[in-house]
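Remarks on the overall topology
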Amino acid sequence: YMASWLARYDISQMSQAEAVELRDTMGEWKTGWAQIQGFVRSTLRKTSGKLIMMDFIDVTRIVEAVSEGFDRTANPQCKLFEERLLDLEDGNGTGRVRLSDFHASTVRKGYWWFRETADYLRH
């Protein structure tokens, strides 16, 4: 589930083999995949206790716990983006980044993931 969510794939449209392949290749392109897996496993243990079988309500509770805690604690890519954006900040503590600095960062600093268009950023 977590691999499909992060990759923005609809897991309901994937075969079991496709889902397994996605999970097995996540580490090749997703920063911090091992930490994410550790977080999910830890949350599963805390949330499910000693359950041997799970019903829909149990699974729902686990997915909610993972979703609620993920952005705060386990998404190293978000933390990296935050650090990089703070690096680009205009220096007055507002958290704002000049659009020209944002776009230039792909060339000057290698921040290839900052490619949103000016029109997109206005919305």
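Here goes a summary of the coordinates provided. (Residues numbered from 1 in each chain as written. Predicted model: local features only at pLDDT ≥ 70, side-chain atom pairs only at ≥ 80, totals over all residues. Heavy atoms only, no water.)

Section: a nonpolar patch on the surface
Taken together, the side chains of Leu44, Leu51, Met54 and Val59 present a nonpolar region at the surface, about 300 Å² in accessible area. The residue Met54 is located in the loop between α3 (33–48) and α4 (56–74) in this model. (Patch = residues over 30% accessible without salt bridge, like charges linked within 9 Å, V, L, I, M, F, W, Y side chains within 5 Å. Areas by Shrake-Rupley, 256 points an atom, 1.4 Å probe, with all protein chains shown as cover. Salt bridge = Lys/Arg side-chain N within 4 Å of Asp/Glu carboxyl O. Helix = DSSP H or I, 4+ residues; strand = E, 2+ residues; numbered from the N terminus.)

Structural notes on the packing of aromatic side chains
If you walk through the whole model with that rule in mind, you get two aromatic pairs. With 5.6 Å between their ring centres and 85° between their planes, Trp5 and Phe70 make a pair best called edge-to-face. Here Trp5 is found in helix α1 (residues 2–7), whereas its partner Phe70 is found in helix α4, with 65 residues between them in sequence. You can call Phe70 buried: its relative accessible area is 1%. Put simply, the rings of Trp5, Phe39 and Phe70 touch in pairs and so form one group of aromatic residues. (Phe/Tyr/Trp six-rings, centres within 6.5 Å; stacked < 30°, edge-to-face > 60°. Buried < 20%, exposed > 50% of the residue type's maximum accessible area, 1.4 Å probe, protein only.)

Things to note about helix α6 (residues 99–108)
Phe102, Ala104 and Ser105 are the residues of α6 that are buried. A positive phi of about 75° marks Gly110, the residue just after α6.

Regarding the layout of surface pockets
The method is simple in principle: a probe with the dimensions of a water molecule rolls over the atoms, and the space it marks as empty is what remains. Looking at the largest pocket, its volume works out to about 540 Å³. The wall of the largest pocket is formed by 19 residues, among which Tyr1, Met2, Ala3, Arg23 and Val40 lie closest to the centre. At the level of secondary structure, the elements contributing two or more residues to the lining of the largest pocket comprise α1, α2 (16–25), α3 and α4. Counting residues per element, the lining of the largest pocket draws most heavily on α3, at five residues. Within the lining of the largest pocket, the residues separate by chemical class into 15 nonpolar, two polar and two charged. Roughly 380 Å³ of volume is contained in the second largest pocket. Taken together, the residues of the lining of the second largest pocket sort by class into nine nonpolar, two polar and three charged. (1 Å grid on protein atoms, 1.4 Å probe; cavity = no way out; pocket = protein on both sides within 12 Å on 5 of 7 lines; lining within 4 Å. Points joined across faces, edges and corners; volume = space filled by probe spheres on them. Nonpolar A, V, L, I, M, F, W, Y, C, P; charged D, E, K, R; others polar.)

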